[in-house]
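# Breakdown of the fold
Now for the letters of each chain:
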Amino acid sequence: MKKILITGGAGFIGSHVVRRFVNTYPNYKIVNLDKLTYAGNLENLLDIEKAANYKFVKGDIVDAAFIQDLFNKENFDAVIHLAAESHVDRSISNPIEFVMTNVVGTVNLLSAAKKSWKGDYEKKRFYHVSTDEVYGTLGEGTEMFTEETSYDPHSPYSASKASSDHFVRAYFDTYGMDCVISNCSNNYGPFHFPEKLIPLSIHNIKQNKAIPIYGKGENIRDWLWVEDHARAIDVIFHKAKSGETYNIGGHNEWTNIDLIRTLCKVMDRKLGREEGTSEKLITYVTDRAGHDLRYAIDATKLKNELGWEPSLQFEEGLEKTVDWYLANEKWLNNVTSGNYQSYYEDQYQNR
Ligand code: NAD
């Protein structure tokens, strides 16, 4: 039996990765380590929390002694590292927290892995999950980020993720640890925290509240169905050569304003409102400082070498996302009211 540490498994993408690994690999023991910040929600994992091959550990990757202790006790075979502070706006108001979690936290994990795996590196794997935002911004043309694109981060969030990527590579180059990295575009789908564009807009449309759009809504992002990202992580984790990096993307570029107009149409239809009702809620707000214009991912390497491709067309994924949010009102209410944060105490502490 393989024992895999997945960090940040109570977050948006992490919960999909944990679910996929727990359900697909009954012969793996999955340990989900998460601090349960505002973004961590164990209600994302209700369907698998009692699985025999799953365990949750509450803890902070910034706490080096705790992390080393965990590695000593658990004897992990691999790490899939997703824990991070992930919201660009929050990084602009509080960069230090991003340095602590994203940089120091990553180095703590690398260092604990290095100590406990010494002499056994070829049997172990450290997989770091990162973002396309490390590459900076593209112009309006057709150029795309490849694995060869130089790093040029602009926000404190992307700077912290770029730094953590460099540390992971340094552990591969300097100590010979088996490390792999993937850089993915924007994800969307179920369990997305409603501070991010798509779930925030769904939530606001439902409540007839303004939909805030930065600047003129002209920024372009490439969107990927979150379960396709989890599947890419599975493929890369199992098949990538040590030291490799893969870009993951949906070949699916949208300006923010076109995306939101499309979402408004879907919402009008689903809520039985006259077409055009939700669009009236669009409200342009002062642009985010240092807002990158365009991200676009070239995922050819992942397709050609490991056979991964996105499975869902965006329109279909958006429908599924809206259906999920409309059917999971309790989840959304618990998140927006803050009630989800007592779930750990109720289920894990007060047993
Ligand atoms: P998220 O904010 O939804 O989840 C992050 C999780 O990490 C939360 O459960 C949180 O409690 C946990 N966490 C935060 N600080 C921690 C700490 N100090 N110790 C332990 N746990 C901690 O983020 P997400 O959107 O699921 O992103 C997951 C990873 O994927 C991140 O590394 C992010 O950079 C990367 N990524 C995200 C996207 C995206 O579109 N969301 C795209 C590409 C890459």
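Cut-offs applied
- Residues numbered from 1 in each chain as written.
- Predicted model: local features only at pLDDT ≥ 70, side-chain atom pairs only at ≥ 80, totals over all residues.
- UniProt positions renumbered as here; feature names shortened; annotations may be inferred.
- Near = placed C-beta within 6 Å.
- Helix = DSSP H or I, 4+ residues; strand = E, 2+ residues; numbered from the N terminus.
- Nonpolar A, V, L, I, M, F, W, Y, C, P; charged D, E, K, R; others polar.
- Pairing = 2+ DSSP bridges.
- Axes fitted to C-alpha atoms, helices over the stretch in contact; angles between N-to-C directions.
- Parallel < 35°, antiparallel > 145°, perpendicular 65-115°, else oblique.
- Left-handed = near helix turned anticlockwise from the far one by under 90°.
- Contact = placed C-beta atoms within 7 Å.

- As annotated in an unreviewed UniProt entry, the chain is dTDP-glucose 4,6-dehydratase from Pedobacter segetis.
- As recorded by UniProt, the Sequence similarities (unreviewed entry) comment attached to the chain reads in full: "Belongs to the NAD(P)-dependent epimerase/dehydratase family. dTDP-glucose dehydratase subfamily."
- The UniProt entry for the chain carries the following comment under Cofactor (unreviewed entry): "NAD(+)".

## Things to note about the site of the ligand
- The ligand sits among 31 residues. The nearest are G8, G11, A39, G40 and A84.
- Among the elements of the structure, α1 (12-24), α4 (95-117), β5 (125-131) and β7 (186-188) are those that each provide at least two residues to the shell around the ligand.
- Along the lines of polarity and charge, the residues of the shell around the ligand split into 13 nonpolar, 13 polar and 5 charged.

## Focus: the sheet that holds strand β11 (residues 253-255)
- Spatial strand order, β7-β9-β11: 3 strands in an open sheet with mixed pairing. Lying at the two open borders of the sheet, with one neighbouring strand each, are β7 and β11. Between one strand axis and the next, the sheet turns by 50° as a mean value, whatever way the strands run.
- For strand β9 (residues 220-225) and β11, the ladder comprises 3 bridges, and the chain directions are antiparallel. What sits directly across from D222, in β11, is E253.

## Notes on the packing of α4 against helix α5 (residues 156-175)
- Interaxial distance between α4 and α5 falls to 8 Å at its minimum, and their mutual angle equals 15°. Judged by the inter-axis angle, α4 sits roughly parallel to α5. Judged by the twist between their axes, the crossing of α4 over α5 is right-handed. Of the residues in α5, those touching α4 at P95, F98, V99, N102, V103, T106, V107, L110 and K114 are P156, Y157, S160, K161, S163, S164, F167, V168, Y171 and Y175.

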